[in-house]
Amino acid sequence: MAVDDEDSANEEATMTDVLDGAAGFVWRTGRLIDRHRFAHLFMGGDRGPVLAALAAYQNADGGFGNALEPDLRGPGSQPEPVEVAFRVLDEVGAMDDPMVASACDWLASASTAEGGVPYVLPSALEHPRAPWWQTEPDPPAGLVPTAAIAGLLHKHRVAHPWLEGATAYTWRAADAIAETNPYEVRSVLTFLDHVPDRERAEAAFRRIGGLTLEQGLVALDPEATGDVHRPLDFAPSPDAMARRLFSDEVVEASLDALAAGQQADGGWTVGWPAWTEAAGLEWRAWVTVHNLGVLRAYGRLPA
């Protein structure tokens with residue numbers, strides 16, 4: 001066998017091992033929705049079961065809850081689970097599903113006079129949740145998750161009255177950013193990737209991208225541990241605007257580290273604390289499917 005053929009065979013075997021290991025982990029530990037996500041994205045399965053599983057998390061008011069966001073265990077609708085739901089729908093190419101319009105109706109009912117939705121509504125305090133999910137009696141709108149939700153709607157050209165006010169709020173709040181954090185930046189980047197006003201998006205990206213690096217919000221060292229945010233968290237695909245923030249060498253090192261981060265059980269870990277065993281396993285399965293998608297987007301796994 002020629003050297004090139006041998007290298008190709010070894011690479012193919014490695015990719016198979018990665019997927020086989022992940023499959024075993026997801027089958028053993030994943031929620032039904034993550035099992036169906038994996039089957040659809042990496043085994044050629046139909047997307048119908050993904051949509052059916054997702055629909056079980058949607059409430060009669062149109063919002064999403066019921067621990068779709070694993071750290072919010074309550075049944076009631078919350079803004080962040082809407083973002084999670086839309087990311088699933090984006091992932092499987094189903095942002096035209098009727099669930100989207102119903103969720104947008106709920107977003108309109110949950111929005112403040114500013115035009116956006118709060119990070120978390122007070123009703124979350126009535127049920128178990130991770131300790132960082134805290135809020136006030138009358139919380140203001142937040143870029144997390146308003147910007148990301150608006151960005152996903154723009155990506156798929158969803159027309160809904162809520163989007164106009166949410167877009168205006170996101171522009172105002174993004175223009176006012178001076179001190180920020182990784183979660184806020186990642187939400188805003190989703191918006192900037194897809195909002196129609198490309199000239200304004202480019203200007204905002206130059207400023208906010210600069211702040212992201214200046215404020216040390218990205219762990220450029222692939223060996224960094226703990227609750228850190230890595231280049232691929234900001235640029236999960238090569239066509240993301242944030243890819244421009246990092247050199248080819250940094251991205252390749254990040255991809256190497258991501259691939260090497262697969263654990264012996266086949267899954268990936270998360271950087272933040274697992275406040276319950278159940279939530280920790282749910283997050284690991286979610287992130288395992290997500291990380292496989294990142295590796296595939298950058299050509300490390302077959303399309």
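Owing to the predicted nature of the structure, the values given are computational and were not obtained by experimental measurement.

(A) Expanded view of the packing of aromatic side chains. Inspection of every chain in the model, using the stated rule, returns five aromatic pairs. On the basis of an interplanar angle of 10° and a centroid distance of 4.5 Å, the ring pair of tyrosine 119 and tryptophan 133 is categorised as stacked. Of this pair, tyrosine 119 sits in the loop between helix 5 (98–110) and helix 6 (143–155) while tryptophan 133 sits in the loop between helix 5 and helix 6, and the two are 14 residues apart along the sequence. Exposure remark for tryptophan 133: the relative accessible area of 3% places this residue in the buried category. Judged by centre distance (5.1 Å) and plane angle (90°), the rings of tryptophan 272 and tryptophan 283 are edge-to-face. Highlighted residues: tryptophan 272 in the loop between helix 11 (248–260) and helix 12 (277–297) and tryptophan 283 in helix 12, separated in sequence by 11 residues. Taken together, the aromatic side chains of Trp27, Phe38 and Phe42 make up a single cluster linked through ring pairs. A cation over an aromatic ring shows up here: arginine 37 above the ring of tryptophan 286, its NZ or CZ 3.9 Å from the ring centre.

(B) Up close: the pattern of salt bridges. Under the definition given, this model contains 12 salt bridges. As a salt-bridge pair, aspartate 175 and arginine 200 come within 2.8 Å of each other at their nearest N and O atoms. With aspartate 175 in helix 7 (residues 161–175) and arginine 200 in helix 9 (residues 198–214), the pair connects residues that are 25 residues apart, well separated along the chain. Residue classification places arginine 200 among the partly exposed residues on the basis of a relative accessible area of 34%. If you follow the salt bridges from partner to partner, you end up with Arg31, Asp34, Arg37 and Glu91 in one network.

Parameters at a glance
Residues numbered from 1 in each chain as written. Predicted model: local features only at pLDDT ≥ 70, side-chain atom pairs only at ≥ 80, totals over all residues. Heavy atoms only, no water. Phe/Tyr/Trp six-rings, centres within 6.5 Å; stacked < 30°, edge-to-face > 60°. Helix = DSSP H or I, 4+ residues; strand = E, 2+ residues; numbered from the N terminus. Buried < 20%, exposed > 50% of the residue type's maximum accessible area, 1.4 Å probe, protein only. Lys NZ or Arg CZ within 6 Å of the ring centre and 35° of its normal. Salt bridge = Lys/Arg side-chain N within 4 Å of Asp/Glu carboxyl O.

Function cannot be read off these values alone, since they describe shape.
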